[in-house]
Amino acid sequence: MNLEAAVLGDMLVVHVDADRIDAACAIQFKDRMREVAAAAPPRVVMDLARVRFVDSSGLGAIVAVMKFLAPARRLELAALTANVAKVFHLTRMDNVFTIHAEVPGTGMDHGG
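Predicted model only: the values in this text are computed from it and were never measured.

### Remarks on the side chain of Arg43
Piece 1. Following the sequence through the fold, Arg43 ends up in strand 4 (residues 43-47).
Piece 2. Among all residues touching Arg43, those that are not within four sequence positions of it are Asp10, Met11, Leu12, Arg74, Glu76, His100 and Pro104.

Laid out in structure tokens, this is it:
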């Protein structure tokens, strides 16, 4: 699981460089996110522009990362593709996470 992270002001932007977050990689994803965000600023924005599919294991891993970061840091999501956005909507997790159309402050609108 390749994650690229960069600090932009008060936030850490993590670009998820994978097509899927599913049962096959959920544990690795969760572990890598914990490593990358361990000393992050107050906001962690996960850029999901490349992710085309998230299953229940992937969703659980994202929630686990959110819980790991709390309460000191807040996990936000950005640039969800249509399929991934649908999963968050159907599970009502779109009410739990702050979801941005693009990575805040960068003008990086990846579409969906």
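### Focus: the pattern of salt bridges
Piece 1. Scanning the model with the defined rule gives 7 salt bridges in all.
Piece 2. Residue Glu35 is joined to Arg32 by a salt bridge in which the shortest nitrogen-to-oxygen separation is 3.0 Å. With Glu35 and Arg32 both in helix 1 (residues 26-37) and 3 residues apart, the pair spans about one turn of that helix.
Piece 3. Each of Asp10, Arg43, Arg74 and Glu76 takes part in a single network of salt bridges with overlapping partners.

How each quantity is defined
Residues numbered from 1 in each chain as written. Predicted model: local features only at pLDDT ≥ 70, side-chain atom pairs only at ≥ 80, totals over all residues. Heavy atoms only, no water. Helix = DSSP H or I, 4+ residues; strand = E, 2+ residues; numbered from the N terminus. Contact = heavy atoms within 4.5 Å. Salt bridge = Lys/Arg side-chain N within 4 Å of Asp/Glu carboxyl O.

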